[in-house]
Amino acid sequence: MDISVVILISSFVALLLLNVPIGVAIALSGFFSLLLSLDFVSTTTTMAQRMSAGVDSFALLAIPFFILSGFLMGQGGIAHRLIEFAKIMVGRLPGGLAFVNILSCTLFGAISGSAVAATSAIGGFVIPEMEKDGYSREFSTAVTVTASTTGMLIPPSNILIVYSLASGGVSIAALFLAGYLPGLIVALCLMIASAIYAKMKGYGESSEKQSGQVFKKTFDALPSLFLVILVIGGIVSGYFTPTEAGAIAVLYSFVLSTFVYKEVKFKDLSGVLNKSVCTTAIVMLLIAASSAMSWVLSYENIPQSISQFFLGFSNNPIVVLLMINLLLLLVGTFLDMTPAVLIFTPIFLPIVEALGISPIHFGIIMILNLSIGLCTPPVGSVLFVGCSIGKTSISKIISPLLPLYLAMFIALLIIICVPTLSTWLPGLFSL
Amino acid sequence: MSLSKVCNRVDYFLEVFTSALMVALVLNVTWQVVTRFFTNDPSSFTEELARFFLIWIAFLGSAHAFRKGAHLGLDYFVEKFSPAAQAKIVKTILLFVVLFSVCILIVGGSCLAYLAWELDQKSASLGLSISIVYLAIPISGLLFLLFSAESFKNYSNN
Amino acid sequence: GKGHEARVLKLAHGLDAKHPVHLSMVFFAEQLAKYSQGEMTVQIYPSGQLGSERELIELIQIGSIDFTKVSASSLEPFIPKMKIFSVPYLFRDGEHLWRVLNGPIGKDLLNSGTPYRIQGLGYYDAGSRSFYTTKDPVNSPSDLKGMKIRVMNSPSAVAMVKSMGGSPTPISWGELYTSLQQGVVDGAENNLPSFYLSKHYEVAKYLILDEHTSIPDVVITGTKSWGKLTVQQRGWVAQAMADSVAYERKLWRKVSLESLAAVREAGVEVVVADKKLFVDSVKPIHDALANSEHGELFKSIQEVR
Ligand code: NA
Ligand code: NA
């Protein structure tokens, strides 16, 4: 491995340990590394361009929209009514609200196809509600972060489209069908892990059991439930794209909380807007910097040289598959998901196809690996969004994340060992 | 006028400006849906405009969030040091923030905006000058620099 | 040559590694290595790893990459004259197109980027773009009425679809597959290999070969990178590029036919358009163009026989 990798990683680790803002640490380490290849002015200009290009994407608008609507829902009583309604159904189970959180993130992630959108949309109002119910803020955030990634596997999913293009031939329709069961398995594993964790910590047991108000609570929740129907129904029936649904959600929650419930006053709006701008900007700086760092990694061919280094060890199929998974997990911690798929698919796919693994199955394995990477420090966009939304820090969220990582890891093992889970549904439709 | 007063004013303006952009963003994308849904002449500029608003919110908002101390860091190790050592660490952090804002945001961003201006690069749909979009980067760099100076001064006085 | 160290040049583009354009670039790299006897090597970054076409052009201007391939329409914001290629039915047929590109007009356009730090090296065939739709087939422009057609983010593409009677709808390329699937738009337009490789044929089952625009791809370098090369090295690049262009044109034809066969195989209903109807529907665009700043260029292209 060459000097550019060493500089990039060592400067990044040093800046991180020093508690430099992570976005700044990521951008600076990419900058130092790129200085080895280009002159000063070209390096600075390229870094600035890559940072701006990182946030120059229409799909990213889902983040500010769902952050804003999440805050409006939280402050305007929509969230509370939705949660009261949900508690009617799951309130008595251990970790009932964690289940609500996981199912909402899975559903929203599935439909929007974006894990960060799911984290900002659901986390924004569920985390405070879970906290009111006795859950720790960190655990609630950890649940949101991990559950949001299931939407990468359950269709529609933009990242599976990227994989299809990078693999040069795998059908998107087949990949979409292949993702259903693995996505649900991840959600199930997360639910089991959170139930155990919640039981151990005694979360959610303090909430009083009110059974007499089922009808009233359902009735109260109707206008709020309509928001869910509007967003999900609008996307599914093709009235708007998931990104556009964000803007509609903002408008609807604004009208509902300001004019109908009247729990948000006009003078509160500037505060809500400012909070949303701050959270959005924190996330965007991280995305901008990560995308610039990903660019430097690609430019210096670092992922390729790391894979060559690791794959040179053995020809044993199991060892090779293990190495590939480790590499995806490891490099997935630094690299954005899209460049990771674009760079690794052409390197790994021929190797695993020679081992007899179907490209559909491998696509699911790869996306799940990289999804775990989205929730791991030091670089993980969903983790970053979660920490900003849940107002917690990365060091505090790690311990409740550990059992959830384990759950995702077990799901990964199941999905690797049982290829039928991925290939059965596409096979049914002879894809 | 003292440094902190200047910063307060600049920051207040920043807050109002980015909030206004946020509202504009929501209205802009709603307009996109409305024109596509209700007319046969869907608006063709909204997608581009929305992306440009987002770039401005991202860079200017970052500076605002920096002043609030809201950016994420890894505080795990630093917390273990004595308060005196921590004050020194904070100053070192500020130096790196200055390095970031000067090299990448101010120099890099200005070069980028200048290149787009010199070569008269126009956006594909609105025909807007791309240099205006890129101007958000050096402006954000200047704001980061200003707020770093304020923070440095506060830590030196204590 | 003597006194020169081996140069590694960086080439980035937006298409995947199985696309004919990528394969032709690999061929370019091989030829360049051969002519320069290993003095010049080219490293290729496919799949938009280093950025979108607009961003790659900027990186060329900055000098952090040496070559890229972009659609002529991506060059419009930098080189206004390139707008001419977005005019529907500008060329009578493929032969007319290549006569223009290989003639003085094409050469002039390749050099027209130098004030913008861009040096054109050659044209690649990018075929013709046609419409494809999800719900109803299109046989004539009147069928486009009320249909939401995804177009590229450019005023000329918007004007064209409007002129034909459709509703031009800008959707980002990344959101297009699901937008077609969910019905946010009713159709889109592209060349045959892209229709096939993007898998849009899985959700859009009607293709009409109306071939409304033939926008070539342009291989460019930056004047900054170009200036660092010796006269001899530039000669090698030009030679290798010429080989690659010939190679690409052959490969493109082959892949287009294969793509057409493959989408037919997958159940796409293919209609060969009565082009006259479509040409008539864009007549207002041609009339307006004749009186615009690009009127002269338009006229001289029409005059090429
Ligand atoms: Na999804
Ligand atoms: Na990570």
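In this text the structure is predicted, and so the values were computed from the model without any measurement.

What counts, and where the lines are drawn
Starting afresh in each chain, residues are numbered from 1 along the sequence in its written order. Just so you know, chain letters begin at A and ligand numbers begin at 1, following the order they were written in. Confidence filtering applies because this is a predicted model: local features only for residues at pLDDT of at least 70, side-chain atom pairs given and counted only at 80 or more, and all residues used for totals across whole chains, interfaces and linings. Neither water nor hydrogens contribute to the side-chain values; these are computed over all heavy atoms in the structure. Numbered from the N terminus, helices here are DSSP runs of H or I no shorter than four residues, and strands are runs of E no shorter than two. The atom set for the radius of gyration is the C-alpha atoms, and the globule formula is 2.2 Å times the number of residues raised to the power 0.38. Categorising residues by exposure relies on relative accessible area from a 1.4 Å probe, with only protein chains included: less than 20% of the type maximum marks a residue as buried, more than 50% marks it as exposed, and the intermediate range marks it as partly exposed. Contact criterion: two residues are considered in contact whenever any of their non-hydrogen atoms come within 4.5 Å of each other. Every accessible area reported is derived by Shrake-Rupley at a probe size of 1.4 Å, with residue values counting cover from the shown protein chains alone. All tallies of charge rest on Lys and Arg as positive and Asp and Glu as negative; His and the ends of each chain are not included. In plain terms, the charge of a residue is placed at NZ if it is Lys, CZ if Arg, CG if Asp and CD if Glu. Only nitrogen, oxygen and sulfur atoms qualify as donors, and only when within 2.8 Å of the metal (3.2 Å in the case of Na, K and Ca); with water excluded, sites may look incomplete. Any two strands are treated as partners once DSSP identifies two or more bridges connecting them. Note on method: axes are straight lines fitted to C-alpha atoms, helices fitted across the in-contact stretch only, with angles between N-to-C directions ranging 0 to 180 degrees. A 1.4 Å probe defines the accessible area here, and the buried area is the portion of it lost by two parts on being joined, summed over both. Any carboxyl oxygen of Asp or Glu within 4 Å of a side-chain nitrogen of Lys or Arg constitutes a salt bridge here. Within 3.5 Å is the distance limit for a polar contact, defined as a pair of N or O atoms, with the added protein rule that one can donate a hydrogen and the other accept it, and that residues adjacent in sequence qualify only through two side-chain atoms. Residue type decides the class: Asp, Glu, Lys and Arg count as charged, Ala, Val, Leu, Ile, Met, Phe, Trp, Tyr, Cys and Pro as nonpolar, and the leftover types, Gly among them, as polar. Domain ranges listed in this record stem from an automatic or a database domain assignment. Each residue gets a pLDDT score, which is the predictor's confidence in that residue and runs from 0 to 100. Between rings of Phe, Tyr and Trp, where Trp is taken as its six-membered ring, a pair exists when centres lie within 6.5 Å; planes separated by under 30 degrees are stacked, by over 60 edge-to-face, and by other angles tilted. Throughout, nonpolar core names a set of buried Ala, Val, Leu, Ile, Met, Phe, Trp, Tyr and Cys residues whose side chains join them through atoms within 4.5 Å. In a helix, the anticipated span is given by 1.5 Å times the number of residues less one. Throughout, the bend at a residue refers to the angle made by two axes, fitted to the seven residues ending there and to the seven starting there. Note on terminology: pairs of cysteine sulfur atoms within 2.5 Å are recorded as disulfides.

A word on the overall build of chain A. Helix and strand content of chain A: 20 helices and 0 strands. For 431 residues, the compact-globule estimate of 2.2 N^0.38 gives 22 Å, and the C-alpha radius of gyration of chain A, at 22 Å, lies within 12% of that figure. Counting every position in chain A, which comprises 431 residues, the buried fraction comes to 65%. Taking contacts inside chain A between residues at least 6 apart in sequence as the whole, the part at least 24 apart equals 78%. Accessible surface for chain A amounts to roughly 14,300 Å². Of this, 71% is attributable to carbon and sulfur atoms. Within chain A, one finds 17 positive and 17 negative side-chain charges whose respective centroids are separated by 14 Å.

What follows deals with the overall build of chain C. Helix and strand content of chain C: 12 helices and 11 strands. Against the 2.2 N^0.38 benchmark of 19 Å for 305 residues, chain C shows a C-alpha radius of gyration of 20 Å, consistent with a compact globule. Its C-alpha atoms give chain C principal-axis dimensions of about 65 × 45 × 30 Å. With 305 residues in all, chain C has 61% of them scored as buried. Across chain C, 34 positive and 33 negative side-chain charges occur, with their mean positions spaced 4 Å apart.

Attention shifts here to the coordination of the sodium ion (ligand 1). Residues and elements named next belong to chain A. Within the first shell, the sodium ion (ligand 1) binds the protein through Gly109 (O), Ala110 (O), Gly151 (O), Ile154 (O) and Pro156 (O), at distances of 2.2 to 3.0 Å. Each donor residue of the sodium ion (ligand 1) lies on one chain, and together they are spaced G-A-x40-G-x2-I-x1-P. Highlighted residues: Gly109 in helix H6 (residues 96–112) and Ile154 in the loop between helix H8 (137–148) and helix H9 (158–167), separated in sequence by 45 residues. Each of the two residues, Gly109 as well as Ile154, counts as buried.

A separate point is the sheet that holds strand E2 (residues 40–45) of chain C. Residue and element names in this part refer to chain C. Reading across from one edge, E2-E1-E3-E10-E4 is the order of the 5 strands in this open sheet, with mixed pairing throughout. Bordering the open sheet on either side are E2 and strand E4 (118–124), each of which pairs with just one other strand. Adjacent strand axes in the sheet meet at a mean angle of 25° when their direction is disregarded. Pairing between strand E1 (residues 7–12) and strand E3 (residues 67–71): 2 bridges, direction parallel. Bridge pairing in E3 places Ala12 opposite Thr68. Along the sheet, helix H1 (residues 20–35) contacts E1, E2, E3, E4 and strand E10 (217–222); its crossing angle with E2, the most-contacted strand, is approximately 165°.

Residue-level contacts link 32 residues of chain C with 38 residues of chain A. Contact between chain C and chain A buries roughly 2,700 Å² in total, counting both sides, with carbon and sulfur atoms accounting for 53%. When the buried surface of chain C facing chain A is broken down by residue, Gln49, Glu175 and Gln182 of chain C rank first, second and third, together holding 21% of it. For the pair chain C and chain A, the number of links is 1 salt bridge. For the salt bridge of Glu55 of chain C with Arg50 of chain A, the shortest nitrogen-to-oxygen distance reads 3.2 Å. Connecting chain C to chain A are 15 residue pairs in polar contact (both at pLDDT 80 or more). Breaking the side of chain C that touches chain A down by element, the ones donating at least two residues are E2, helix H2 (53–62) and helix H6 (176–182) of chain C. Considered class by class, the residues forming the side of chain C that touches chain A number 9 nonpolar, 13 polar and 10 charged.

All names here are of chain A. Taken together, the protein ligands of the sodium ion (ligand 2) are Gly373 (O), Thr376 (O), Thr376 (OG1) and Val379 (O), with distances of 2.1 to 2.6 Å. Each donor residue of the sodium ion (ligand 2) lies on the same chain, and together they follow the pattern G-x2-T-x2-V. Val379 carries the same exposure label as Gly373, and that label is buried.

The subject of this paragraph is the domain arrangement of chain A. Residues and elements named next belong to chain A. Annotation of chain A at the domain level lists domain 1 (1–54) and domain 2 (58–285 + 301–428). Here the C-alpha centroids of domain 1 and domain 2 sit 29 Å apart. Taken together, the 10 residues of domain 1 in the interface contact 10 residues of domain 2. Taken together, the connections running from domain 1 to domain 2 amount to 0 salt bridges. In this structure, the connection of domain 1 to domain 2 is made through 0 residue pairs in polar contact (both at pLDDT 80 or more). Taken together, the elements giving at least two residues each to the side of domain 1 that touches domain 2 come down to helix H1 (3–17), helix H2 (22–34) and helix H3 (40–55). Split into classes, the residues belonging to the side of domain 1 that touches domain 2 amount to 7 nonpolar, 3 polar and no charged.

Another point: the interface of chain B and chain A. At the interface, 51 residues of chain B touch 57 residues of chain A. Buried area between chain B and chain A, both sides added, is near 5,000 Å², and the carbon and sulfur share of it is 80%. Between Arg36 of chain B and Glu244 of chain A there is a salt bridge; the shortest N-O distance is 2.7 Å. Top contributing element to the side of chain B that touches chain A by residue count: helix H3 (residues 83–118) of chain B, with 14 residues.

It is worth spelling out the confidence of the model for chain C at this point. A residue-level look at chain C finds 98% of positions with pLDDT of 70 or above and a mean pLDDT of 93. Here the prediction assigns the complex a pTM of 0.91, and the interface score ipTM is 0.93.

Residue and element names in this part refer to chain B. Counted under the stated rule, the structure contains 30 aromatic pairs over all chains. Look at Phe17 and Trp56: their rings are 6.3 Å apart centre to centre, the planes differ by 75°, and that puts the pair in the edge-to-face class. Residue Phe17 is located in helix H1 (residues 3–38), and its partner Trp56 is located in helix H2 (residues 46–67); the two are separated by 39 residues in the primary sequence. Residue classification places Phe17 among the partly exposed residues on the basis of a relative accessible area of 32%. Seen in terms of ring centroids, Phe66 and Phe144 are 5.1 Å apart; in terms of plane orientation they differ by 40°. Their pairing is tilted. Taken together, the residues span a long stretch of sequence, with Phe66 in helix H2 and Phe144 in helix H5 (residues 136–157) at a distance of 78 residues.

Our next topic: the environment of Leu374 of chain A. All names here are of chain A. Looking at the element boundaries, Leu374 is found in helix H17 (residues 359–374). A relative accessible area of 10% places Leu374 in the buried class. With 150 residues separating them in the primary sequence, Leu374 and Ser224 have C-alpha atoms 30 Å apart. The residues touching Leu374, leaving out its near neighbours within four places in the chain, are Ala115, Thr149, Met152, Met337, Gly380, Ser381, Val382 and Leu383.

Ranked by internal contacts, the top residues of the largest apolar core, which has 246 residues, are Met51, Val341 and Phe362 of chain A, Phe100 and Ile104 of chain B together with Leu207 of chain C. Two domains each put at least three residues into this core: domain 1 (1–54) and domain 2 (58–285 + 301–428) of chain A. Leaving out residues up to four positions away in the same chain, Leu207 of chain C has contacts with Ser130, Phe131, Tyr132, Leu192, Phe195, Leu260, Val268, Glu269, Val270 and Val271 of chain C. Core analysis: the next-biggest nonpolar cluster, separate from the first, contains 29 residues, Leu97, Val100, Phe298 and Ile301 of chain C among them.

All names here are of chain A. Between its terminal C-alpha atoms helix H7 (residues 115–132) stretches 25 Å, which fits the 26 Å expected from 18 residues at 1.5 Å a residue. Most pronounced at Gly123, the bend in H7 amounts to some 45°. Within H7, 15 of the 18 residues are buried, leaving the element largely enclosed by the surrounding structure. In this structure Ser114 caps H7, since a side-chain oxygen of it lies 3.1 Å from the backbone nitrogen of Ala117. Where H7 terminates, the next one or two residues include Gly134, which has phi positive at roughly 100°.

Below, the discussion takes up the state of the cysteines. Residues and elements named next belong to chain B. In the structure shown here, the tally under the stated rule is 0 disulfides over all chains. Looking at Cys103, it has no disulfide partner, and the nearest cysteine sulfur is the one in Cys111, 11 Å off. Judged by its relative accessible area of 10%, Cys103 falls in the buried class. On the basis of relative accessible area, Cys111 is assigned to the partly exposed category, the value being 24%.

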